[in-house]
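Letter by letter, the chains look like this.
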Amino acid sequence: MFSPDQENHPSKAPVKYGELIVLGYNGSLPNGDRGRRKSRFALFKRPKANGVKPSTVHVACTPQAAKIGRSTESPIDFVVTDTVPGSQSNSDTQSVQSTISRFACRIICERNPPFTARIYAAGFDSSKNIFLGEKAAKWKTSDGQMDGLTTNGVLVMHPRNGFTEDSKPGIWREISVCGNVFSLRETRSAQQRGKMVEIETNQLQDGSLIDLCGATLLWRTAEGLSHTPTVKHLEALRQEINAARPQCPVGFNTLAFPSMKRKDVVDEKQPWVYLHCGHVHGYHNWGNKEERDGKDRECPMCRSVGPYVPLWLGCEAGFYVDAGPPTHAFSPCGHVCSEKTTAYWSQIPLPHGTHTFHAACPFCAHQLAGEQGYIRLIFQGPLD
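About the thresholds
Position labels on residues start from 1 in each chain and follow its written sequence. Given that this is a predicted model, residues contribute local features only at a pLDDT of at least 70 and side-chain atom pairs are listed and counted only at 80 or more, while totals for whole chains, interfaces and linings are drawn from all residues. Only hydrogens and water are set aside; all other atoms, that is, all heavy atoms of the structure, feed into the side-chain values. Strands here are runs of E lasting at least two residues and helices are runs of H or I lasting at least four, both read from the DSSP assignment and numbered beginning at the N terminus. Each residue is placed in one exposure class: buried if its accessible area under a 1.4 Å probe, protein chains only, is under 20% of its type's maximum, exposed if it is over 50%, and partly exposed if it falls in between. Residues are treated as being in contact if the distance between any of their heavy atoms lies within 4.5 Å. Accessible surface is estimated by sampling points in the Shrake-Rupley manner with a 1.4 Å probe; for residues, cover comes only from the protein chains shown. Each helix should span, by expectation, one fewer than its residue count multiplied by 1.5 Å. Working definition: the arc comes from the directions between the helix axis and the C-beta atoms, pointing outward to the latter. Disulfide assignment relies on a single distance test, namely cysteine sulfur atoms paired within 2.5 Å. Pairs of strands are assigned from DSSP output, requiring at least two bridges between the strands. The axes are straight lines fitted to the C-alpha atoms, using for helices just the contacting stretch, and the angles between their N-to-C directions are given from 0 to 180°. Residues grouped as a nonpolar core are buried Ala, Val, Leu, Ile, Met, Phe, Trp, Tyr and Cys residues, joined through side-chain atoms within 4.5 Å. Residue ranges for the domains trace back to a domain assignment, done automatically or taken from a database. Only rings of Phe, Tyr and Trp enter the pairing, Trp through its six-membered ring, and a pair is recorded when the two centres are within 6.5 Å. The plane angle decides the type: under 30 degrees is stacked, over 60 is edge-to-face, the rest tilted. Only when the NZ of Lys or the CZ of Arg is both within 6 Å of the ring centre and within 35 degrees of the ring normal is a charge said to sit over the ring. Salt bridge, as applied in this entry: a Lys or Arg side-chain nitrogen positioned within 4 Å of an Asp or Glu carboxyl oxygen.

Caption draft 1: Geometry of the overall build of the protein. For the protein, the helix and strand inventory stands at five helices and 22 strands. Per-residue burial for the protein yields a buried fraction of 47% across its 384 residues. Look at the contacts in the protein between residues 6 or more apart in sequence, and 62% of them connect residues 24 or more apart. Accessible surface computed for the protein: about 19,600 Å², of which carbon and sulfur atoms make up 50%.

Caption draft 2: Broad picture of helix α3 (residues 231–243). Taking 1.5 Å per residue, 13 residues should reach 18 Å; α3 reaches 18 Å between its end C-alpha atoms and fits that length. The set of residues buried in α3 consists of Leu234, Leu237, Arg238, Ile241 and Asn242. Considered in projection along α3, the buried side chains sweep an arc of 135° and stay on one side of the axis. Exposed and oriented more than 90 degrees from the buried face of α3 are Lys232, Glu240 and Ala243.

Caption draft 3: Fine view of the state of the cysteines. Per the counting criterion, the structure on display carries zero disulfides. No disulfide involves cysteine 337; its sulfur sits 7.3 Å from the nearest other cysteine sulfur, which is in cysteine 361. Cysteine cysteine 364 remains unbridged, with the sulfur of cysteine 333 as its closest cysteine sulfur at 3.7 Å.

Caption draft 4: Expanded view of the sheet that holds strand β18 (residues 328–330). Strand order in the open sheet formed by four strands is β17-β19-β18-β22, and the pairing between neighbours is mixed. Taken across any chain shown, the strands that pair with only one partner, and hence form the sheet edges, are β17 (312–313) and β22 (374–376). Looking at chain direction, β18 and strand β19 (residues 335–337) are connected through two bridges and run antiparallel. For alanine 329, the partnering residue across the bridge sits in β19 and is valine 336. Across the sheet, helix α5 (residues 339–346) is in contact with β18, β19 and β22; its angle to β18 comes to roughly 30°.

Caption draft 5: Quick peek at the nonpolar core. Within the largest apolar cluster, 30 residues are counted, with the highest numbers of intra-cluster contacts made by Leu209, Phe330 and Trp345. When residues of this core are traced back to their parent elements, those giving at least two are β7 (155–157), α3 and α5. Residues from two domains meet in this core; each of domain 1 (10–227) and domain 2 (231–376) gives at least three. Residues contacting phenylalanine 330, with those up to four places away along its chain left out, are Leu275, His335, Cys337, Thr341, Thr342, Trp345, Cys361, Pro362, Phe363, Leu368, Gly373 and Tyr374. In terms of nonpolar packing, the next biggest core, distinct from the first, is built from 25 residues, Leu20, Cys109, Val181 and Leu204 among them.

Caption draft 6: How the structure looks around the packing of aromatic side chains. Applying the stated criterion across every chain, the model contains 14 aromatic pairs. For the ring pair tyrosine 17 and phenylalanine 115, a centre distance of 5.6 Å and an interplane angle of 50° mean the geometry is tilted. Taken together, the residues tyrosine 17 in strand β1 (residues 16–22) and phenylalanine 115 in the loop between β3 (105–109) and β4 (117–121) connect sequence positions 98 residues apart. The class of tyrosine 17 is buried, set by a relative accessible area of 3%. For the cation-ring pair, arginine 193 lies above tryptophan 139, with the distance from its terminal atom to the ring centre recorded as 4.1 Å.

Caption draft 7: Spotlight on the pattern of salt bridges. In total, this model carries ten salt bridges according to the counting rule given. The partner of glutamate 200 in a salt bridge is arginine 173, with the nearest N and O atoms 3.0 Å apart. In this pair, glutamate 200 sits in the loop between β9 (181–182) and β10 (209–211) while arginine 173 sits in strand β8 (residues 173–175), placing the two residues 27 residues apart along the sequence. Arginine 238 is the partner of glutamate 235 in a salt bridge, and the nearest nitrogen-oxygen pair spans 2.8 Å. Here glutamate 235 and its partner arginine 238 are both found in helix α3, three residues apart, which amounts to about one turn of the helix. The class of arginine 238 is buried, set by a relative accessible area of 11%. What you see here is one network of salt bridges that share partners, running through Lys16, Glu19, Arg40 and Glu316.

As structure tokens, then:
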């Protein structure tokens, strides 16, 4: 399978298979990445293969007869918690009843080029067993093997035309324990499985989305990441915008995007935007109580009325489909990135709840609003 870090390869540069990036986080978890709990996971070639082959099948009559898995078990390389849209701290997610399986899925990568990665539902515990819940769908295949689905399912969507500016959303499918592909169940936890889709496979491609019912992961191949803008590139774009000295058309004060390390703290020079029209201002308050309460406001430039929010740079480079300048913002959250990146994510239906889908900002997981889900930003240049 894969190794989560480079510590196992002291002698030479490790072979990197790709990365899994959790949607809803802007470059790191709210309180920082720690150990196996992080927003971005790199998959490297292990010194020694650790794949597990199927063997005996047992039926446990009661849940107590099966050893219950915990996220601290050694076979688990990466721990993913439920994503709460716009969460600013880990405490925001701890009150949520998790819907993610303890051993949610496993990814097996071929150790030789082209290093094909395949996804399977459920994972092996420390005794090399897979336990499916009492209500999970299970069946015997035509070749005599057991197959099944996890309680809430592992869904995968492969974009058409890869992860590029020309990408289009694919069809969401469910993956079984043996890696077979099925149409979706009527609801996430329904006991009746969907129809098998024999012409499709469980092979991941650059830009594949994996939904674990509580968290959605983006798979980026090493090759795909080599064409993605780096954090250094995003920082250069930030400095370029600030060097142009955009001004607030009301207060005439210079605006500046704060350092990427301060991506959650509103700065006094922070640009704000009227989401209905896209005019960028500094923060101003006319003393009106309704405006102080955060209700819709009227843009001083064009008189259109709508939400007024601070702008934040999208810092997770893996979500970008190109290296274009940050000219557009998602609505209603205000995360800024390239036009083609906003256009791409605004058309991707992400699973939500038990049977609905909606587009969301990849940087914070907020459901998109408005006609397009994003707006073009209109900056005012310096008057001198």
